[in-house]
Amino acid sequence: MTGKAPDPAANLKQQAAIKAASLVQDGMAVGLGTGSTAFFVVAELGRRVREEGLKICAIPTSDATEAQAREEGIPLTTFAAHPELDITIDGADEIEPRTLNLVKGRGGALLREKIVASAAKQFVIVADSSKYVDHLGMLCPVPVEVIPFGWENVAVKLGRMGAHVTPRKHRDGSFYLTDEKNLIMDCVFGPIEDPHKLGTDIHSIVGVVEHGLFIEMATQAITAGPEGIRVITPTVSDGLIATPALDPSEPVTRVPPVPNENGSSKTVLPTQPVASGIKKQLLVIMGVSGSGKTTIAEGLRNELGWPFQEGDDLHPAANVAKMAASIPLNDEDRWPWLARCQEWLAECNRAGTGGILTCSALKHSYRDVLRKGGLEPIFIYLHTSEAVLLERLKRRRGHYMPPTLLPSQLQTLEAPAADEHALSMSADTNPAETIAEILSYLKTI
Ligand SMILES: O=C(CO)[C@H](O)[C@H](O)COP(=O)(O)O
């Protein structure tokens, strides 16, 4: 039990994974991806090996996947025995549906993932449909794997390319290390116009091992969303998209082709799940620690498909260290963090994508920072009793915020005033009901 909030998209990920695993046939050498969606692929392949006698061998993309594959009883192989693979199935952090260009590597396995993907005849992506973006870089940073020696210089050079660079760290402040013992620089570029050029530029920096832009590599994407399972294949001939079913006998949601200006047929794919009648907005899910902000925000992200940012991940390292040491943050600590949160909202506002931010936003003056630049976020204020919050925080694992900081948070808290655009919600209700209520409210504005 990790104490992590349940993944509301888990069911969708599993549906896509099972569909993709059905592509694997006897005798194939299979690349196994990494992440919560690839996890379901490995589980399904394990089931097929055990129950159907499927005969495959596999190369995993991470130590974690290797351990899972061994547990599942999937025979492993090496590149010495299989320099080429038949198929690799892996997840993605962002998918551009027009091209199937991807951002990968939030799980830190991008180097092996790219090697294994590039060795395969078919590279199939599995995801829930929240991963679609108009442009790469909209939802996630591009991870860049870097040799530890001299990483600071590499970070400067990435910064000069226009990235906001954050070395990936654990909650305790220590550097995250990949399976290859390298560092990861998470680079926020914003929407990327020319991912191919950016990838080439990043590669030209000495000390860079690999980056998370997977350009013209995926041969197919299988995604699941409220609209059903979708199969996407890019066609190289005219840059258009086809959505053939993998198995024509099985029902697969197809997106209807519509004629473009030239009269030819172009498939129009909604890049986000459609929540009809809801205007794109900036949402700040606020409340003290333990009020369930992440669960609600992730649920909304899955329904609306808007970019999502965990406000806690924008704290400067010094703030994280203070909180982990049970020292309450003061206003001076919070201003730079709130400024980063506001920047993120402003970027979503400029891009017109809508945006969902979790941020405690405890005081009126803090919320004023988030409203700077004429932004008009809607605050969804989650509240419950101190006893419930304490109980939740005690059960929570893997987060730097100790329960001892709750009283100071409650003392600081100023519930949104009548003149603020806020929706007050009980955090005791079932999250699915809360999400449904928020969606109903959004339809009215
Ligand atoms: O690139 C990856 C790991 O390095 C993952 O495939 C990517 O992060 C998607 O993960 P998930 O399926 O958990 O959303």
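Residues numbered from 1 in each chain as written. Predicted model: local features only at pLDDT ≥ 70, side-chain atom pairs only at ≥ 80, totals over all residues. Heavy atoms only, no water.

- Per an unreviewed UniProt entry, the protein is named Ribose-5-phosphate isomerase A, and its organism is Acetobacter malorum DSM 14337.
- Recorded in UniProt for the protein, the comment headed Subunit (unreviewed entry) runs: "Homodimer."
- According to UniProt, the comment filed for the protein under the heading Function (unreviewed entry) is "Catalyzes the reversible conversion of ribose-5-phosphate to ribulose 5-phosphate." (UniProt positions renumbered as here; feature names shortened; annotations may be inferred.)

1. Comments concerning the overall build of the protein
Step number 1: Looking only at helices and strands, the protein has 13 helices and 21 strands in total.
Step number 2: The buried share of the protein, taken over its 445 residues, is 52%.
Step number 3: Within the protein, residue pairs in contact and separated by at least 24 positions form 74% of the contacts whose partners lie at least 6 positions apart. (Helix = DSSP H or I, 4+ residues; strand = E, 2+ residues; numbered from the N terminus. Buried < 20%, exposed > 50% of the residue type's maximum accessible area, 1.4 Å probe, protein only. Contact = heavy atoms within 4.5 Å.)

2. Brief notes about the UniProt feature "active site" (unreviewed entry) in the protein
Step number 1: Those places that UniProt annotates as "active site" (unreviewed entry) correspond, in this numbering, to Glu113.
Step number 2: One can find Glu113 in helix H4 (residues 110-118).
Step number 3: On the basis of relative accessible area, Glu113 is assigned to the buried category, the value being 3%.
Step number 4: With residues near it in sequence (within four places) discarded, Glu113 still touches Thr34, Thr61, Asp90, Lys104, Gly105 and Phe214.
Step number 5: A polar atom in the side chain of Glu113 sits 3.1 Å from the side chain of Lys104. (Polar contact = N/O pair within 3.5 Å; in protein donor to acceptor, adjacent residues only side chain to side chain.)

3. What about empty space enclosed by the protein?
Step number 1: Under the criterion given, the structure shown has 1 cavity of 30 Å³ or more.
Step number 2: Taken as a whole, the largest cavity spans an internal volume of roughly 30 Å³.
Step number 3: For the largest cavity, the full set of lining residues is Asp93, Val103, Arg106, Cys140, Pro141, Pro143, Arg168 and Asp186.
Step number 4: When grouped by side-chain class, the residues that make up the lining of the largest cavity number 4 nonpolar, no polar and 4 charged. (1 Å grid on protein atoms, 1.4 Å probe; cavity = no way out; pocket = protein on both sides within 12 Å on 5 of 7 lines; lining within 4 Å. Points joined across faces, edges and corners; volume = space filled by probe spheres on them. Nonpolar A, V, L, I, M, F, W, Y, C, P; charged D, E, K, R; others polar.)

4. Structural notes on the nonpolar core
Step number 1: Formed by 26 residues in total, the largest nonpolar core has its most connected members in Val24, Val30, Leu45, Ile56, Ile74, Ile87 and Ile89.
Step number 2: Taken together, the elements giving at least two residues each to this core come down to helix H1 (10-21), strand S1 (29-32), helix H2 (36-52), strand S3 (85-90), strand S6 (120-128) and strand S12 (220-225).
Step number 3: For Ile74, the residues in contact, after removing those within four places along its chain, are Val42, Leu45, Gly46, Val49, Ile56, Ala58 and Ala69. (Core = buried A, V, L, I, M, F, W, Y, C linked by side-chain atoms within 4.5 Å.)

5. Topic: the environment of Glu180
Step number 1: Mapped onto the secondary structure, Glu180 falls in the loop between strand S8 (164-167) and strand S9 (183-188).
Step number 2: Accessibility expressed as a relative area gives 35% for Glu180, which makes it partly exposed.
Step number 3: Separated by 69 residues in the primary sequence, Glu180 and Leu111 place their C-alpha atoms 8.5 Å from one another.
Step number 4: Once residues within four sequence positions are removed from consideration, Glu180 is found in contact with Leu111, Arg112 and Glu145.

6. Observations regarding helix H5 (residues 151-160)
Step number 1: When H5 is considered as a whole, its buried residues turn out to be Trp151, Val154, Ala155 and Leu158. Angular distribution of buried residues about the axis of H5 spans 105 degrees; they occupy a single face of the element.
Step number 2: Contacts made by the buried residues of H5 are with strand S7 (142-146), S8, S9, helix H6 (195-203) and strand S10 (208-211).
Step number 3: Following H5 by one or two positions, Gly162 adopts a phi angle in the positive range, close to 105 degrees. (Arc of directions from axis to C-beta.)

7. Quick notes on the site of the ligand
Step number 1: As a structural note, the neighbourhood of the ligand is formed by 17 residues, with Ser36, Thr37, Asp93, Gly105 and Lys131 the closest of them.
Step number 2: Separating an oxygen atom of the ligand from a backbone N or O atom of Thr34 is a distance of 2.9 Å.
Step number 3: Note that an oxygen atom of the ligand is positioned 3.4 Å from one of the side-chain N or O atoms of Asp90.
Step number 4: Within the complex, 91% of the 380 Å² of free accessible area of the ligand lies under protein.
Step number 5: Per-class residue counts for the shell around the ligand are 2 nonpolar, 8 polar and 7 charged. (Near = heavy atom within 4 Å. Areas by Shrake-Rupley, 256 points an atom, 1.4 Å probe, with all protein chains shown as cover.)

8. Some remarks on the packing of H1 against H2
Step number 1: One can describe the packing of H1 onto H2 by two numbers: an axis separation of 8 Å at closest approach and a directional angle of 50 degrees. Taken together, the axes of H1 and H2 lie oblique to each other. Where H1 crosses over H2, the handedness of that crossing is right-handed. Facing H1, whose interface residues are Ala10, Lys13, Gln14, Ala17, Ile18 and Ala21, H2 presents Ser36, Thr37, Phe40, Val41, Glu44, Leu45 and Arg48. (Axes fitted to C-alpha atoms, helices over the stretch in contact; angles between N-to-C directions. Parallel < 35°, antiparallel > 145°, perpendicular 65-115°, else oblique. Left-handed = near helix turned anticlockwise from the far one by under 90°.)

9. Overview of the packing of H2 against helix H3 (residues 63-72)
Step number 1: For the pair H2 and H3, the least separation of the axes is 9 Å and the interaxial angle reads 25 degrees. On the basis of the axis angle, H2 is roughly parallel to H3. Crossing angle aside, the handedness with which H2 passes H3 is right-handed. Residues Phe39, Val42, Ala43, Gly46, Arg47 and Arg50 of H2 form the contact with H3, whose participating residues are Thr65, Gln68, Ala69 and Glu72.
Step number 2: Its residues assigned to classes, the contact of H2 with H3 shows 4 nonpolar, 3 polar and 3 charged.

10. Topic: the sheet that holds strand S21 (residues 422-426)
Within a sheet, neighbouring strands are paired by backbone hydrogen bonds and run either parallel or antiparallel to one another.
Step number 1: Within the open sheet, the 5 strands sit side by side as S18-S19-S17-S20-S21. Their pairing is parallel. At either end of the open sheet lies a strand with only one pairing partner, and these are strand S18 (308-310) and S21. Sheet twist, expressed as the mean angle between neighbouring strand axes with direction ignored, is 20 degrees.
Step number 2: Running over the sheet, helix H9 (residues 331-351) touches strand S17 (282-286), S18 and strand S19 (355-358) and is turned about 170 degrees from S19.
Step number 3: This element, helix H13 (residues 431-443), spans S17, strand S20 (378-383) and S21 of the sheet and lies at about 160 degrees to S21. (Pairing = 2+ DSSP bridges.)

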